[in-house]
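# Close look at the chain arrangement
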Amino acid sequence: MVNEKMLSLGKTRSCIRELFEYGLKQTAIVGRENVYDYSIGNPSIPAPPEVNRAFLNIIQTVDSLAVHGYTPAPGGMDAREAVAKELSERFNVSIHGANIFFTCGAAPALISVIRALSVENAAIIGVAPFFPEYRPFVENNGAAFVPVPADTRNFQINLPALEARITDHTQAVIINSPNNPSGVIYSRETLEQLAKLLTEKSAEVGHPIYIIADEPYRELAYDGTEVSFIPAIYPNTIVCYSYSKSLSLPGERIGYVCVPDFVEDSENLFAAIAGAARASGHVCAPSLQQRVVAQCAASRPNIDAYDQNRKMLYESLTSYGYECVKPNGAFYMFVKAPGGNAKAFSDMAKERNLLVVPGDDFGCPEYFRISTCVSKDMIKRSLPVFKQIWNDYA
Ligand code: PLP
């Protein structure tokens, strides 16, 4: 016998993975040049050269037993301090090594925080459009997932709808900016309004309502758009960071949770996050990667290629008639499906080997997602297909 809930979770195919695997199959049949795969968010620029140099340098110069050995569960203190120092200097806040808990990426960071906050009847809010995994992360780790419908005018936060969903059971609101799937960065004004609302509501319900800031795309911002450091706006913020996208290291599995001292109940919260990680089988994040990110704490990717893709796709698609809020971060665009049904649109596009992800699981069934971390050449080849489909709908 197996656990039914886990069985169903394991058997349900993620729509993104399904499309990606379909793309691989079609490539073998019709040739790479005839498949336009915008399904998956896998970085398409290499890790910065200093990151690869750090890997080599560490392997060559540090004692092998130390490089490959266990570290304490939250990570080596030197690495934690290096990350904390960079955050403190960059955002002019006070963060210490003891506030950092290294994880194997943002996904387990989120799960540990969710588990740590899952008291009886806990509810955790997610703001559409949201990363589809939030729902299984929350629902399988002790809380109810409460989605807030999108503000489709600009994909900022629909604050009245969020307010209406806060109850005595609300423990946290997960936000993700720069956003997957919209590519939108929440403005300082939006975040200040959210902070004001959550401050009032925390007082009303008699316990802190935390923000869980999911930040794998923090470093991917265009046109000089500011990505606000949310703990500086709303102190009760727990940051879940990842190097998967910011340093193009998704397979290396490295990220962290940051619980600054100024977060209410920070000591217990940090301990509960450590306990939740332990209960999930966390031993330590890869020790080689901890050393790499410590050495490269201030490294930033060269995102020119993503920016060029973003511009080319946005300008071309809107010139054909597609509607899209201009993305200024991450590497995604969220486009309104002609006809208003993204699933039908995605199925139709799939017949022409154009793979776009319908927005149902992101909480927006009228929109489809395009990952812009692809080759320029593929974009150029795909544009006539986008245009043809638009004309067929018109
Ligand atoms: N959160 C968001 C919004 C993401 O898009 C992703 C990955 O695509 C993750 C979390 C998980 O990232 P990681 O690879 O660090 O686990």
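Because the structure is predicted, anything quoted here is derived from the model rather than measured. (Residues numbered from 1 in each chain as written. Predicted model: local features only at pLDDT ≥ 70, side-chain atom pairs only at ≥ 80, totals over all residues. Heavy atoms only, no water.)

## Some thoughts on the overall build of the protein chain
In terms of helices and strands, the protein chain carries 14 helices and 12 strands. For the protein chain, the C-alpha radius of gyration of 21 Å lies close to 21 Å, the compact-globule estimate for 394 residues. Judged by the C-alpha coordinates and their principal axes, the protein chain covers about 60 × 55 × 55 Å. The buried share of the protein chain, taken over its 394 residues, is 56%. Seen as two clouds, the 35 positive and the 42 negative side-chain charges of the protein chain have centres 6 Å apart. (Helix = DSSP H or I, 4+ residues; strand = E, 2+ residues; numbered from the N terminus. Rg over C-alpha atoms; globule rule 2.2 N^0.38 Å. Buried < 20%, exposed > 50% of the residue type's maximum accessible area, 1.4 Å probe, protein only. Lys, Arg positive; Asp, Glu negative; His and termini not counted. Charge placed at Lys NZ, Arg CZ, Asp CG, Glu CD.)

## Quick word on the domain arrangement of the protein chain
Taken domain by domain, the protein chain consists of domain 1 (4-47 + 302-393) and domain 2 (49-296). Each of domain 1 and domain 2 has a C-alpha centre, and these two points are 26 Å apart. With 30 residues of domain 1 at the contact, the number on the domain 2 side is 36 residues. When the two sides are added together, the surface that domain 1 and domain 2 hide from each other amounts to roughly 2,600 Å², 63% of it contributed by carbon and sulfur. On the surface where domain 1 and domain 2 come into contact, there are 1 salt bridge. (Domains from an automatic or database assignment. Contact = heavy atoms within 4.5 Å. Buried area = accessible area lost by both parts, 1.4 Å probe. Salt bridge = Lys/Arg side-chain N within 4 Å of Asp/Glu carboxyl O.)

## What to know about unusual backbone geometry
Here the bond from Ser177 into Pro178 is cis, since omega is -5°, no more than 30 degrees from zero. Counting through the fold element by element, Pro178 comes out in the loop between strand S5 (170-176) and helix H9 (188-205). Cis geometry marks the peptide bond from Asn180 to Pro181, where omega comes out at 25°. For Pro181, the location among the structural elements is in the loop between S5 and H9. Of note in this structure, Asn92 is not a glycine but carries a positive phi near 55°. Relative to the helices and strands, Asn92 is located in the loop between helix H5 (77-91) and strand S2 (100-103). Asn92 sits in the exposed class, given a relative accessible area of 72%. Positive phi is not limited to glycine here, since Asn353 has a value of about 65°. Its place among the elements puts Asn353 in the loop between helix H13 (342-351) and strand S10 (354-355).

## Looking at helix H10 (residues 266-279)
The periodicity of an α-helix, 3.6 residues per turn, causes residues three or four places apart in sequence to face the same way. For H10, with 14 residues, the first-to-last C-alpha span of 20 Å sits near the 20 Å given by 1.5 Å per residue. Of the surrounding secondary structure, the elements contacted by the buried residues of H10 are H5, S2, helix H6 (106-117), strand S6 (210-215), strand S7 (237-242) and strand S8 (255-258). With its phi angle positive at about 90°, Gly281 sits one or two positions after the end of H10. (Expected span 1.5 Å × (residues − 1).)

## Considering the packing of aromatic side chains
Within this structure, the stated rule accounts for 23 aromatic pairs. Between Phe130 and Phe145, the aromatic rings sit 5.1 Å apart at their centres with planes inclined by 80°, giving edge-to-face as the arrangement. Highlighted residues: Phe130 in the loop between strand S3 (123-127) and helix H7 (134-139) and Phe145 in strand S4 (residues 144-148), separated in sequence by 15 residues. The exposure class of Phe145 is buried, given its relative accessible area of 7%. On the numbers, 6.3 Å between centres and 85° between planes, the contact of Tyr322 with Phe368 is edge-to-face. In this pair, Tyr322 sits in the loop between helix H12 (304-320) and strand S9 (332-336) while Phe368 sits in strand S12 (residues 367-371), placing the two residues 46 residues apart along the sequence. Overall, Phe368 belongs to the buried group, its relative accessible area being 0%. Put simply, the rings of Tyr38, Tyr322, Phe345, Phe368, Phe386, Trp390 and Tyr393 touch in pairs and so form one group of aromatic residues. (Phe/Tyr/Trp six-rings, centres within 6.5 Å; stacked < 30°, edge-to-face > 60°.)

## Considerations on a negative patch on the surface
On the surface, Asp261, Glu264, Asp265 and Glu267 cluster together into a negatively charged patch. With respect to the helices and strands, Asp261 occurs in the loop between S8 and H10. A residue is classified by how much of its surface remains accessible, and Asp261, at 45% relative accessible area, is partly exposed. (Patch = residues over 30% accessible without salt bridge, like charges linked within 9 Å, V, L, I, M, F, W, Y side chains within 5 Å. Areas by Shrake-Rupley, 256 points an atom, 1.4 Å probe, with all protein chains shown as cover.)

## Overview of the site of the ligand
Among the 14 residues in the neighbourhood of the ligand, the closest are listed as Ala106, Asp214, Tyr217, Ser242 and Arg253. Here Asp214 contributes a side-chain N or O atom positioned 2.6 Å from a nitrogen atom of the ligand. A distance of 2.6 Å is found between an oxygen atom of the ligand and a side-chain nitrogen or oxygen belonging to Ser242. Burial of the ligand by the protein amounts to 91% of the accessible area it has alone, namely 400 Å². Classifying every residue of the shell around the ligand gives 6 nonpolar, 5 polar and 3 charged. (Near = heavy atom within 4 Å. Polar contact = N/O pair within 3.5 Å; in protein donor to acceptor, adjacent residues only side chain to side chain. Nonpolar A, V, L, I, M, F, W, Y, C, P; charged D, E, K, R; others polar.)

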